[in-house]
Amino acid sequence: MTDTAQLKQHLWKKLAESPFLMIGLTDSDQHHIPLTAQLDPDQVDTLFFFAGKDNRLASGGRAMAHFVAKGHDYFACLDGTVRVDNDFAMIDKLWNRHVAAWFPGGKDDPNLALLRFDIDSAELWEADMSITGMVKLLFGGKIRGDQEGSHAVVETTAT
């Protein structure tokens, strides 16, 4: 049986370990792009991204983000809305040396945009196979339902 609360907890843990996603506007024919999520534990169902004002996501709108955990054992598809939210307090809170490397003008760089992605729903998958299931997978055996892992569609990623 899927433990949805645990799936949600694992999403945020896995994102903290490897915060890289592919994200794109759903009403656009442009490909999704890789961005590094900035996580704020005080914000529920929200990811932030530092980008240039000329970034294809800066126009805002409906968006979809795709996440694959570093160990390829967790997957998420996040649906929501992206918009520019240049709240200086949030920029200051999320600013770090990795972001600074992309913006030579620092927090006041004229091309700096803080993108806010508000998650409306998510589909989550976690591979959690038993040792027996892994051996079967390696040797072509049949995987039983209780060896597949967990899956859930959720309206919120809050735990």
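Residues numbered from 1 in each chain as written. Predicted model: local features only at pLDDT ≥ 70, side-chain atom pairs only at ≥ 80, totals over all residues. Heavy atoms only, no water.

Concerning the overall build of the chain
- Of regular secondary structure, the chain possesses four helices and seven strands.
- Ordered by position in the sequence, the α and β elements of the chain form the string α-β-β-β-β-β-α-α-β-α-β.
- Counted over contacts in the chain with a minimum sequence separation of 6, partners at least 24 positions apart contribute 70%.
- Carbon and sulfur atoms make up 54% of the accessible area of the chain, which totals about 9100 Å². (Helix = DSSP H or I, 4+ residues; strand = E, 2+ residues; numbered from the N terminus. Contact = heavy atoms within 4.5 Å. Areas by Shrake-Rupley, 256 points an atom, 1.4 Å probe, with all protein chains shown as cover.)

Observations concerning the pairing of strand β1 (residues 20-25)
- Across four bridges, the pairing between β1 and strand β2 (residues 33-36) is antiparallel. By the bridge assignment, Ile23 is partnered in β2 with Ile33.
- As judged from the five bridges shared by β1 and strand β4 (residues 61-68), these two strands associate in the antiparallel manner. Residue Gly24 lies in a different strand from β4, and its bridge partner there is Met64. (Pairing = 2+ DSSP bridges.)

Brief notes about the packing of aromatic side chains
- Tallied over the entire structure, the rule returns two aromatic pairs.
- Ring centres of Phe50 and Trp95 lie 5.6 Å apart, and the angle between their planes is 85°; this geometry places the pair in the edge-to-face category. Linking Phe50 in strand β3 (residues 46-52) with Trp95 in the loop between α2 (88-94) and α3 (97-100), this pair joins segments that are 45 residues apart in sequence.
- The buried category is assigned to Phe50, whose relative accessible area is 10%.
- For Trp95, a relative accessible area of 19% corresponds to the buried category.
- Summarising the aromatic geometry, the rings of Trp95 and Phe103 are spaced 6.5 Å apart at their centres and angled 45° between planes, so their arrangement reads as tilted.
- Its relative accessible area of 8% is what places Phe103 among the buried residues.
- An aromatic cluster of three or more residues is present, and its members are Phe50, Trp95 and Phe103. (Phe/Tyr/Trp six-rings, centres within 6.5 Å; stacked < 30°, edge-to-face > 60°. Buried < 20%, exposed > 50% of the residue type's maximum accessible area, 1.4 Å probe, protein only.)

Comments concerning unusual backbone geometry
- At Asp45, a residue that is not glycine, the phi angle is positive and equals roughly 60°.
- As for its placement among the helices and strands, Asp45 is situated in the loop between β2 and β3.
- Phi is positive for His72, which is not a glycine, with a value near 55°.
- Exposure remark for His72: the relative accessible area of 58% places this residue in the exposed category.

Some details on the nonpolar core
- Within the largest apolar cluster, 28 residues are counted, with the highest numbers of intra-cluster contacts made by Leu21, Leu47, Phe49, Leu78 and Phe117.
- Of all elements in the fold, only α1 (4-17), β1, β2, β3, β4, β5 (74-84), β6 (112-126) and β7 (150-154) reach the threshold of two or more residues within this core.
- Ranked by residue count, the leading element in this core is β6, at five residues.
- Setting aside residues up to four positions removed in sequence, Leu21 forms contacts with Leu15, Ile33, Pro34, Leu35, Ala37, Leu47, Phe49, Ala65, His66, Phe67 and Leu78.
- Membership of the second largest hydrophobic core comes to ten residues, among which are Phe48, Met90, Leu94 and Val99. (Core = buried A, V, L, I, M, F, W, Y, C linked by side-chain atoms within 4.5 Å.)

What about α1?
- Taking 1.5 Å per residue as the helical rise, α1 with its 14 residues ought to reach 20 Å, and the 20 Å between its terminal C-alpha atoms agrees with that figure.
- Within α1, burial applies to Leu7, Lys8, Leu11, Lys14 and Leu15. Down the axis of α1, the smallest arc covering the buried residues is 130°, so these residues share one side.
- Its buried side turned inward, α1 meets β1, β3, β4, β5, β6 and β7.
- The opening residue of α1, the one whose side-chain oxygen lies 3.3 Å from the backbone nitrogen of Ala5, is Asp3. (Expected span 1.5 Å × (residues − 1). Arc of directions from axis to C-beta. Polar contact = N/O pair within 3.5 Å; in protein donor to acceptor, adjacent residues only side chain to side chain.)

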